[in-house]
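The lines below spell out each chain.
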Amino acid sequence: MIPLIFALPGNEALAEGLASALAAEVGQAEFRRFPDGESYVRLLSDVEGRSVVLVDTLAEPDDKALPLLFTAALAKDLGASRVGLVAPYLAYMRQDRRFHPGEAVTSTYFGRLVSRWVDWLVTVDPHLHRRASLDEIYAVPSRIVHAAPVISDWIVENIERPVLVGPDRESEQWVSTVAGHAAAPYIVLTKSRHGDRDVEIAVPDVETWRDYTPVLVDDIISTAQTMIVTVRGLEKAGMPAPVCIGVHAVFAGSALGDLRAAGVARIVTCNTIPHETNAIDLTEPIAKAVSAFNGRD
Ligand code: R5P
């Protein structure tokens, strides 16, 4: 039977896109809050015996986690054969160890919570830094979609003479792959983070790249401080205004305005979190990953 895809609030566009790419059906559901703030969830489509896919990107996860877990529990309660989760942005990946005594290792706890309710997981470039694989965090099978090839295609189509710039060592994994696909050169800078909004970047000698368009690539743009400090460093080094590409458009608080004000040529993100900067569509590779759990790989 064809999968039944439900969009949690705010995920309708991707759910529709996936349904069309997978020749699947979009399920009808009702989500709302009771006056006291508790969540109300109702599945209007019949899920009995069906393979259910929940689409819920997990930026600002605290408000989303309970409706998601209730929906997964409800689908199983009503007889769904399997319940999978497409969370293009996977939350709670950065607090992956106890940096200070007494801190919660929330990536582990969140992984345990989600794994209790869903049978499989598809996500896009999760922030795997100190963990080698999602299997260390999630007890259910998962597939990771890599945005790099699609980002490379976008760069090839839109930027003349790009030089890719990774703001820190962690970004090298994305930057080197994107650069490889786009047949473009790349440099990686050195970042030190002293606090949530206190970031320092060391820019190497960029004389060779003066006539190139710098293209910053990072996985997450959250406070945008990493990008902002990099933009300023490149400007100081005499480079032209850069194009900033982030996989996940988290943009906490005033981050988007702050980054624009830093003097960038353009800000571009993938559609893992719906945002006005989305220009790179990952529906197809996400659909391919989902089909692996629905016997259509
Ligand atoms: C860091 O490890 C990540 O790859 C990003 O560089 C970081 O999350 C960006 O955060 P922010 O936008 O707050 O500087």
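Every chain is numbered on its own, with residues counted from 1 as its sequence reads. At least 70 in pLDDT is required for a residue's local features to be given in this predicted model, at least 80 for side-chain atom pairs to be given and counted, and no such filter applies to totals for whole chains, interfaces and linings, which use all residues. Neither water nor hydrogens contribute to the side-chain values; these are computed over all heavy atoms in the structure.

Look at any regular strand and the pattern is simple: side chains alternate between the two faces of the sheet. Note on pairing: DSSP must find at least two bridges between two strands before they are called paired. Only DSSP runs of H or I covering at least 4 residues are called helices, and only runs of E covering at least 2 are called strands; the numbering of each starts at the N terminus. Across five bridges, strand β3 (residues 29–33) lies against strand β4 (residues 39–43) in antiparallel orientation. Within β4, the position partnered with R32 by the bridge is Y40. The hairpin turn running from β3 into β4, its antiparallel successor, is five residues long, and G37 in that turn takes a positive phi close to 95°.

Attention now goes to the packing of helix α1 (residues 12–22) against helix α8 (residues 283–292). Running from N to C, α1 and α8 cross one another at 65°; their axes reach a closest spacing of 9 Å. Viewed along their axes, α1 and α8 form a crossing whose handedness is right-handed. Residues L14, G17, L18, A21 and L22 of α1 form the contact with α8, whose participating residues are T283, I286, A287, V290 and S291. Across the contact of α1 with α8, the residue classes break down as seven nonpolar, three polar and no charged. As a rule, the C-alpha atoms of each element are fitted with a line to give its axis, helices using only the stretch in contact, and angles between N-to-C directions run from 0 to 180 degrees. Here is the rule for handedness: rotate from the far helix to the near one, and if that takes an anticlockwise turn smaller than a right angle the crossing is left-handed, while a clockwise turn gives right-handed. Here, residues are in contact when the closest pair of their heavy atoms is within 4.5 Å. Only Asp, Glu, Lys and Arg are considered charged, only Ala, Val, Leu, Ile, Met, Phe, Trp, Tyr, Cys and Pro nonpolar, and every remaining residue, Gly among them, polar.

When you line up the elements, T269 lands in strand β15 (residues 266–270). Polar contacts involving the side chain of T269 include one to the side chain of T277, which spans 2.8 Å. At 2.9 Å, the side chain of T269 forms a polar contact with the side chain of N278. Ignoring anything within four residues of it in the chain, the contact list for T269 reads I221, G246, V247, A249, F251, T277, N278, A279 and I280. By the criterion applied in these results, polar contacts are pairs of N or O atoms within 3.5 Å in which, for protein atoms, one can donate a hydrogen and the other can accept it, and in which residues neighboring in sequence qualify only through two side-chain atoms.

Turning to the domain arrangement of the chain, a few remarks are in order. Each domain's extent was defined by an automatic or database domain assignment. Its domain assignment divides the chain into domain 1 (4–146 + 282–291) and domain 2 (148–280). In this structure, domain 1 and domain 2 have C-alpha centres spaced 28 Å apart. Across the boundary between the two partners, domain 1 contributes 15 residues, which contact 18 residues of domain 2. Buried area between domain 1 and domain 2, summed over both chains or domains, comes out near 1400 Å², and the portion from carbon and sulfur atoms is 59%. Here's the idea: put two parts together, see how much 1.4 Å probe accessible area each one loses, and the total over both is what we call buried area. Contact with domain 2 buries surface across domain 1, with Y89, D125 and L282 losing the most and accounting together for 38% of the total. By convention in these notes, a salt bridge is any Lys or Arg side-chain nitrogen within 4 Å of a carboxyl oxygen on Asp or Glu. Where domain 1 touches domain 2, the interface holds zero salt bridges. Counting the contacts that link domain 1 with domain 2 gives nine residue pairs in polar contact (both at pLDDT 80 or more). Among the residues making up the side of domain 1 that touches domain 2, the classes are represented as seven nonpolar, six polar and two charged.

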